[in-house]
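Remarks on the overall topology
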Amino acid sequence: MTVSATPAFATLWLAPRIDAFEKRYPDLRIRLLSSTDPVDMARERGVDIAIRYSPALPEADDGDVLVHEWVGAFASPAYLAGGVPIERADRLATRWPASRLAPIDWSTWQARADVGPLDDAKLRTFAHQQEVVQAALAGKGVALVSELLVADMVARGWLVAWRPDIRVPGHAYRLITGALNRRTRGVQRFTAWLQEALADD
């Protein structure tokens, strides 16, 4: 079964968990494709399920909402051990090429955290969230990223929440299936497993 997912979701959330699905259903194997391209499931024959990232508004896109994300600040334990105040910390964020996605920026987090002005010279942006996460893992700063995408790394102690009380709403992940695909046993099993795994996170 072929699943097409956005690069960040495919890399950071889905790839580490595919084996759990395949152990539950040993007769099914997942072929994972990374893409942000729009997908027309009425015409697409090479993809069984698509997972896309879009604005959280109900009318924003095709497909069913899988999960609404929350965004927080995360850093490596080594970076946090340096004791640099957030106002002077190296900060990492995503600046999506897709203009339809409203930016989730540090100014929103700053307003909620009620901290002083943040040093603009200390901000570095990347086009994708997986790049932001990799930079944070390498100890390059504090990343503003989806809590969902870093849940596994936080559980392993690779990343630590900076001010875990401060969270800002993000966007949504949506499940897109064709009218015929959604009736197949494989798609139904994967959809149920996906919803269960996301609820656990």
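Above this note sits the structure.
Everything quoted here is computed from the prediction, not taken from an experiment. (Residues numbered from 1 in each chain as written. Predicted model: local features only at pLDDT ≥ 70, side-chain atom pairs only at ≥ 80, totals over all residues. Heavy atoms only, no water.)

**Details of the nonpolar core**
One finds F9, W13, L14, I51, W109, F190 and L194 to be the most contacted residues of the largest nonpolar core, which totals 60 residues. Contact partners of I51, with chain neighbours within four places excluded, come to V3, S4, A5, T6, F9, L14, L66, Y173, R174, L175 and L194. (Core = buried A, V, L, I, M, F, W, Y, C linked by side-chain atoms within 4.5 Å. Buried < 20%, exposed > 50% of the residue type's maximum accessible area, 1.4 Å probe, protein only. Contact = heavy atoms within 4.5 Å.)

**Brief notes about the pairing of strand 1 (residues 2-5)**
Neither face of strand 1 is open: one carries T2 and S4, the other V3 and A5, and all of them are buried. Two strands pair when backbone bridges link them, and strand 1 and strand 2 (residues 31-34) are joined in this way by four bridges, in the parallel orientation. If you follow S4 over to strand 2, its bridge partner there is L33. Here strand 1 pairs with strand 3 (residues 49-54) via three bridges, running parallel. Paired with S4 across the bridge in strand 3 is A50. (Helix = DSSP H or I, 4+ residues; strand = E, 2+ residues; numbered from the N terminus. Pairing = 2+ DSSP bridges.)

**What about the environment of F74?**
Tracing the sequence through the fold places F74 in strand 4 (residues 64-75). Taking C-alpha positions, F74 is 5.4 Å from V160, a pair spaced 86 residues apart along the chain. Beyond its immediate stretch of four places on either side in the chain, F74 contacts A136, G141, V142, A143, V145, E147, V150, V154, L159, V160, A161 and W162.

**Section: empty space enclosed by the protein**
In this structure the tally under the stated criterion is one cavity of 30 Å³ or more. By volume, the largest cavity is sized at about 50 Å³. Together, V71, T94, W96, I104, Q129, L144, V145 and S146 line the largest cavity. In terms of residue count, the dominant contributor to the lining of the largest cavity is strand 7 (residues 142-146) (three residues). Here the residues of the lining of the largest cavity sort into five nonpolar, three polar and no charged. (1 Å grid on protein atoms, 1.4 Å probe; cavity = no way out; pocket = protein on both sides within 12 Å on 5 of 7 lines; lining within 4 Å. Points joined across faces, edges and corners; volume = space filled by probe spheres on them. Nonpolar A, V, L, I, M, F, W, Y, C, P; charged D, E, K, R; others polar.)

**Let's talk about helix 5 (residues 129-137)**
Residues of helix 5 that are buried: Q129, Q130, V132, V133, A135 and A136. Positive backbone phi, at 80°, marks G139, one or two positions downstream of helix 5.

**Here's the deal with the pattern of salt bridges**
For the coordinates displayed, the defined rule picks out seven salt bridges. Between K23 and D19 there is a salt bridge, with the nearest N and O atoms lying 3.9 Å from each other. Here D19 and K23 lie together in helix 2 (residues 18-24), a separation of four residues that amounts to about one turn. Judged by its relative accessible area of 38%, D19 falls in the partly exposed class. (Salt bridge = Lys/Arg side-chain N within 4 Å of Asp/Glu carboxyl O.)

**Topic: the side chain of S35**
In this fold, S35 is placed in the loop between strand 2 and strand 3. Take S35: its relative accessible area is 17%, and that puts it in the buried class. Of note is the side chain of S35, whose polar atom sits 3.0 Å from the backbone nitrogen of D37. With residues near it in sequence (within four places) discarded, S35 still touches S4, A5, T6, P7 and R52. (Polar contact = N/O pair within 3.5 Å; in protein donor to acceptor, adjacent residues only side chain to side chain.)

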